[in-house]
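A structural walkthrough
Chain residues, written in single-letter form:
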Amino acid sequence: MPKDQSIGEALRARGISRRGFLKFCAATASLMALPPSMVPIIAQALERARRPSVIWLSFQECTGCTESLTRSHSPTVEGLIFDTISLDYHHTLQAASGAAAEAARAAAMQENWGNYILVVDGSIPVGDPGYSTIAGISNMDMLLETAAGAAAIVSVGSCAAFGGIPHANPNPTGALSVAAFIREYGNRTPNTFAADAAAQAAHTDISSKPIINVSGCPPIPVVITGVLAHFLTFGKIPDLDSLGRPLAFYGQSIHDRCYRRPFYDKGLFANTFDDEGAKKGWCLYKLGCKGPTTYNACATTKWNDGTSFPIQSGHPCLGCSEPDFWDGGGFYKAISTPTGDISRTAVYAIGAGAAAGVALGALNRAKRTRLQQTHSKVGIDDLDKGG
Amino acid sequence: MSAAELLMWIRGPALQFATVVFVIGVVVRILEILVLGRKQDLAAARGSALAGGLRTIFSRSVPDRGTLQRSTFNVVAGYIFHFGIFLALFFFAPHILFLHDVFGVYWPSLPTQFIDAVTVVTMITLLAVLLHRISHKVMRYLSRSSDYLAWLLTFLPVLTGYLAFHRIGLTPPMLMALHIASVELLMVAFPFTKLMHAFTLVMARYYNGAMAGRKGVNA
């Protein structure tokens, strides 16, 4: 597919009708909470947009994010939009390997300097960079190198957005999210430039690069296409929440949009996975559902082409799009419950309190007896003494 | 420390600490009173101390007409916020889940919208109670810093609970951490403030009732 082909041309070449394309634009506008009047603008922008160069770096990750994006939506127009970006570097999907793959990255960076979109999945180990290297280049250096020429960075998946599973306690690799890494190390020069004075001089600080966090383990495919569509349409990153996630997709909690919410409000809960409540589809809060504290679009866009989402299939939300979801005290324990054994602590405390109480009471009794014995009564004569 | 880490600490070590202080403090204070004992009453009993004591525990919950007329606001507002806290504490689903984790028993919850409304009424009443304490000349004169502390310790869990439920202002884990922390603060201060009345109230009423019952009079 020619690189300078517009998205509109690419879609027509793939047999996507105008109607199908507009339907996608309308769905994207709706997902991003934009007014219907924006649909033709999105369509026009996407129609004319040159396929953007995308460099996809995979660091400490499990490839689940790529699996999610490539498999779930491959037959849909969203999938084709994704196909029609110019994906110039991606370990899993590219045919080239070794030096040729790295040459492709270098070429894409050079050709599109300042304009390419850098997608990162996986966290960056800073404890010992040797934990994760690509072609002998540490993740730290590759990110510093590649981010320097990017228009924006999209952190796909909870590992890139928040550190994810590699960051989970005890975090043996010293894993950091992309944003945390850039905050701490963004002003550094890559070690790969150590022997190249010209490269060192040309390197730019990446501390102020715009970052979009598309969290989730994995994230919802339509969210990544929505973010790309927004960037292509408006030429800027979408409005983000306090955790750097697009508000259009992460603006509401799973709990608020959950179809089981009425059961929560009525106090109807499943207590086990196979009790009467579970069979009737009641709320899964007591089974550890993290829906109330998780912000994502699962309950509205759903998964597998809008088929279902975890709660609909009877499992509590794990809260995978939130920071440190792996260290939340257990997937099957609600976040309002104690993490330790409070009952045992209370029993020991009752024992200790009873012993202390009886001892203090006995001391008080002894004191009272002593005071009673030493008490001297005051008579009318005593009162006169002062006069 | 991230919000998630803070929440884990609040749900873990901090809660354990608060539980130890709360339980030991309450047990010690109750036992201190009980072990001290009372002077033996050598007079012949004219009625049942036990019956009088038990009756008074409940009968004192109904305000007598004179008190109600003299202190209408105190009685009515007092009832409202005590009931409100009781309902929110024991009949909100996540609280029942917490208590089930500790005591191993379940009971049905009330609809969240109802608990939400109760919480709002409780907060308004607590604010009115504070305003009354500040604006009423005699109340203000009688109030010590410990009274305002007891009010604050009671108000904070209600306020943070409302904010956490509606997820206002901060991230949900942070709001949840603040809510549980405010309860832990209440638990730690509980045995050392007049909040202890939640336990000693029953003992005091029984004692008054038992004395009167033994003398054959209604208390």
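Residues numbered from 1 in each chain as written. Chains lettered and ligands numbered in written order. Predicted model: local features only at pLDDT ≥ 70, side-chain atom pairs only at ≥ 80, totals over all residues. Heavy atoms only, no water.

Quick look at the overall build of chain B now. Helix and strand counts for chain B come out as ten helices and zero strands. Taken from the N to the C terminus, the helices and strands of chain B come in the order α-α-α-α-α-α-α-α-α-α. Each of the three principal axes of chain B carries a C-alpha extent, and together these read 65 × 40 × 35 Å. A buried classification covers 38% of the 219 residues belonging to chain B. Considering only contacts within chain B whose residues lie at least 6 apart along the sequence, 70% involve residues at least 24 apart. When the accessible area of chain B is evaluated, it comes to approximately 12,500 Å², of which 72% is carbon and sulfur surface. Positive and negative side-chain charges of chain B, numbering 18 and 8 respectively, have mean locations separated by a distance of 16 Å. (Helix = DSSP H or I, 4+ residues; strand = E, 2+ residues; numbered from the N terminus. Buried < 20%, exposed > 50% of the residue type's maximum accessible area, 1.4 Å probe, protein only. Contact = heavy atoms within 4.5 Å. Areas by Shrake-Rupley, 256 points an atom, 1.4 Å probe, with all protein chains shown as cover. Lys, Arg positive; Asp, Glu negative; His and termini not counted. Charge placed at Lys NZ, Arg CZ, Asp CG, Glu CD.)

Secondary structure assignment for chain A yields 19 helices and nine strands. Relative to the 2.2 N^0.38 estimate, which gives 21 Å for 387 residues, the radius of gyration of chain A is 30 Å and therefore markedly larger than a compact globule would have. In terms of its C-alpha atoms, chain A occupies a principal-axis envelope of roughly 115 × 60 × 45 Å. A buried classification covers 51% of the 387 residues belonging to chain A. Sequence separation of 24 or more characterises 75% of the internal contacts of chain A that already satisfy a separation of 6 or more. Just so you have it, chain A exposes about 17,700 Å², and 55% of that area is on carbon and sulfur atoms. (Rg over C-alpha atoms; globule rule 2.2 N^0.38 Å.)

A few words on the side chain of Thr337 of chain A. Relative to the assigned elements, Thr337 of chain A resides in the loop between helix H17 (298-301) and helix H18 (342-374). From its side chain, Thr337 of chain A meets the backbone oxygen of Ala334 of chain A in a polar contact 2.6 Å long. (Polar contact = N/O pair within 3.5 Å; in protein donor to acceptor, adjacent residues only side chain to side chain.)

Another point: the interface of chain B and chain A. In this complex, chain B contributes 38 residues to the contact, which on the side of chain A involves 48 residues. Roughly 3,600 Å² of surface becomes buried between chain B and chain A when both sides are summed, with 62% attributable to carbon and sulfur atoms. Summed over the shared surface of chain B and chain A, the number is two salt bridges. The salt bridge involving Asp101 of chain B is made with Lys333 of chain A; its shortest N-O contact spans 3.7 Å. At the boundary of chain B with chain A, the tally comes to 15 residue pairs in polar contact (both at pLDDT 80 or more). Elements with a contribution of two residues or more to the side of chain B that touches chain A: helix H1 (3-36), helix H5 (93-103), helix H6 (112-135) and helix H9 (172-189) of chain B. The dominant element in the side of chain B that touches chain A, judged by the number of residues it contributes, is H1 of chain B, at 17 residues. Looking at the side of chain B that touches chain A, its residues break down into 25 nonpolar, nine polar and four charged. (Buried area = accessible area lost by both parts, 1.4 Å probe. Salt bridge = Lys/Arg side-chain N within 4 Å of Asp/Glu carboxyl O. Nonpolar A, V, L, I, M, F, W, Y, C, P; charged D, E, K, R; others polar.)

Residues and elements named next belong to chain A. Across the sheet, five strands lie side by side as S2-S1-S3-S7-S9; this open sheet has parallel pairing. Both edges of this open sheet fall to strand S2 (86-89) and strand S9 (211-214), since each of them pairs with a single strand only. Recorded for the sheet is a direction-independent mean angle of 25 degrees between the axes of neighbouring strands. Where strand S3 (residues 116-121) meets strand S7 (residues 150-156), six bridges bridge the pair, whose relative direction is parallel. If you follow Asp121 over to S7, its bridge partner there is Val156. Relative to the sheet, helix H7 (residues 139-147) contacts strand S1 (53-58), S2, S3 and S7, its axis offset from that of S3 by approximately 160 degrees. (Pairing = 2+ DSSP bridges. Axes fitted to C-alpha atoms, helices over the stretch in contact; angles between N-to-C directions.)

The next point concerns the domain arrangement of chain A. Partitioning chain A into domains gives domain 1 (51-250), domain 2 (254-327) and domain 3 (342-369). Computed over C-alpha atoms only, the centres of domain 1 of chain A and domain 3 of chain A are separated by 61 Å. (Domains from an automatic or database assignment.)

Moving on to the packing of aromatic side chains. Taken as a whole and judged by the stated rule, the model has 17 aromatic pairs over all chains. Taking 5.2 Å as the distance between ring centres and 70 degrees as the angle between the ring planes, the aromatic pair formed by Phe22 of chain B and Phe190 of chain B counts as edge-to-face. With a gap of 168 residues between them, Phe22 of chain B in helix H1 and Phe190 of chain B in the loop between H9 and helix H10 (197-215) connect regions that are remote in the sequence. Between Phe22 of chain B and Phe199 of chain B the ring centres are 6.4 Å apart and the planes differ by 55 degrees, which places this aromatic pair in the tilted class. Here Phe22 of chain B is found in helix H1, whereas its partner Phe199 of chain B is found in helix H10, with 177 residues between them in sequence. An aromatic cluster of three or more residues is present, and its members are Tyr264, Phe269 and Tyr285 of chain A. (Phe/Tyr/Trp six-rings, centres within 6.5 Å; stacked < 30°, edge-to-face > 60°.)

This part takes up H10 of chain B. Residues and elements named next belong to chain B. In this model H10 runs 26 Å from its N-terminal to its C-terminal C-alpha over 19 residues, within 8% of the 27 Å that 1.5 Å per residue would give. Of all the positions in H10, only Thr200, Arg205, Gly209, Ala210, Ala212 and Gly213 are classed as buried. A positive phi of about 80 degrees marks Gly216, the residue just after H10. (Expected span 1.5 Å × (residues − 1).)

Another aspect to go through is the nonpolar core. Residues and elements named next belong to chain A. By size, the foremost hydrophobic cluster in this structure holds 49 residues, and its most contacted members are Cys25, Leu46, Val154, Val156, Val223 and Ile311. A total of seven residues in this core trace back to one element, the largest contributor, which is helix H12 (residues 221-234). Counting residues domain by domain, this core receives three or more from each of domain 1 (51-250) and domain 2 (254-327). In contact with Leu46, not counting residues within four places along its chain, are Ile7, Gly8, Phe21, Phe24, Cys25, Ala229, Leu232 and Thr233. If you look at the next biggest cluster of nonpolar residues, it comprises 30 residues, including Phe59, Ile134, Ile137 and Leu176. (Core = buried A, V, L, I, M, F, W, Y, C linked by side-chain atoms within 4.5 Å.)

Our focus in this paragraph is H7 of chain A. Counting buried residues in H7 of chain A gives nine out of nine residues, a clear majority hidden from the surface. All of the buried residues along H7 of chain A are Asn139, Met140, Asp141, Met142, Leu143, Leu144, Glu145, Thr146 and Ala147 of chain A.

Attention now goes to the packing of H1 of chain B against H10 of chain B. All names here are of chain B. Contact geometry of H1 with H10 gives a least axis separation of 11 Å together with a crossing angle of 20 degrees. Between H1 and H10, the angle falls in the class roughly parallel. In this structure, the crossing between H1 and H10 has a hand that is right-handed. Residues Phe22, Val26, Ile30, Ile33 and Leu34 of H1 lie in contact with H10, whose contacting residues are Phe199, Thr200 and Met203. (Parallel < 35°, antiparallel > 145°, perpendicular 65-115°, else oblique. Left-handed = near helix turned anticlockwise from the far one by under 90°.)

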